[in-house]
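# Observations on the model geometry
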Amino acid sequence: MASIQDRFGMIEASILGEAQARADALLRQAEDRKAAALKQAEDEVLRQLYGKIQDEVADIHTSATRTISRQESQARRELLLKREEITKNVFRQVRMQLLDYTRTPEYAQMVLRLGRRMAQRYPLEGSVVLLRREDYHMAAELDGIFGRKCRIQPDDTIRIGGLKLMNQSAGIFVDETLDSRLEDQKPYFCSHSGLTVL
């Protein structure tokens, strides 16, 4: 038989074993709860950080979009101004070449041919034929082409050359000036020159 001492030791060992098992179970339970709470806190922090990152990314995207839009708008304005400058220069040079052409005998022949064509198409009495003041030396020849039924007058609005014909009673106005022909080329030039700004 076991002595009281031995029994007491066994009871003590049994109680201590149970206590240790309970303590271990409570410790595991506490650690599981701690790990779950830590995981939950971690997940919450990650959710908050993800939300902040998304907000930051959205702000950066919005800011970048605005900056790019502003830069594109500025570049488009600069391109439009450059295109306008190039167009003006091209048309200024063409205007100078046309003015040089008006000093040639070919130009005088062209004006007289133009006069004959107008006289055939619009043989109306009371018409007024307008020409550049510098070309008024051709008035007598044009008067012979149109006949006495028309008046030949200088027109200071014609700066390059050519002729205009007006007949108020018939409601006719014909502009065959180099000025208007040059002006009519601007839309064609802008659409076909490769200087289009999108």
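Check the entry above for the structure.
First, a word on scope: everything that follows refers to the structure included in this document. (Residues numbered from 1 in each chain as written. Predicted model: local features only at pLDDT ≥ 70, side-chain atom pairs only at ≥ 80, totals over all residues. Heavy atoms only, no water.)

## What to know about the sheet that holds strand β4 (residues 172-177)
Across the sheet, four strands lie side by side as β2-β1-β3-β4; this open sheet has mixed pairing. The sheet terminates laterally at β2 (150-154) and β4, the two strands that pair on one side only. Each adjacent strand pair in this sheet contributes to an overall mean axis angle of 15°, direction not counted. As paired strands, strand β1 (residues 127-131) and strand β3 (residues 162-167) are joined by four bridges and run antiparallel to one another. Looking at the pairing, V128 lines up with M166 of β3. (Pairing = 2+ DSSP bridges. Helix = DSSP H or I, 4+ residues; strand = E, 2+ residues; numbered from the N terminus. Axes fitted to C-alpha atoms, helices over the stretch in contact; angles between N-to-C directions.)

## Side note on the environment of Q48
As for its position among the elements, Q48 is in helix α1 (residues 4-101). Considered as a pair, Q48 and I86 are 38 residues apart in the sequence and their alpha carbons are 56 Å apart.

## A word on the pattern of salt bridges
Applying the stated criterion across every chain yields a total of eleven salt bridges. With a shortest N-O distance of 3.0 Å, R47 and E44 are connected by a salt bridge. A residue pair is termed a helical-turn pair when its members lie 3 or 4 positions apart in one helix, as R47 and E44 do in helix α1 at three residues. A relative accessible area of 34% means that E44 is categorised as partly exposed. Through salt bridges with shared partners, a single network forms among R132, E134 and D135. (Salt bridge = Lys/Arg side-chain N within 4 Å of Asp/Glu carboxyl O. Buried < 20%, exposed > 50% of the residue type's maximum accessible area, 1.4 Å probe, protein only.)

## Re the side chain of K164
Looking at the secondary structure, you find K164 in strand β3. Residue classification places K164 among the buried residues on the basis of a relative accessible area of 12%. Here D155 takes part through its side chain, which lies 3.4 Å from a polar atom of the side chain of K164. (Polar contact = N/O pair within 3.5 Å; in protein donor to acceptor, adjacent residues only side chain to side chain.)

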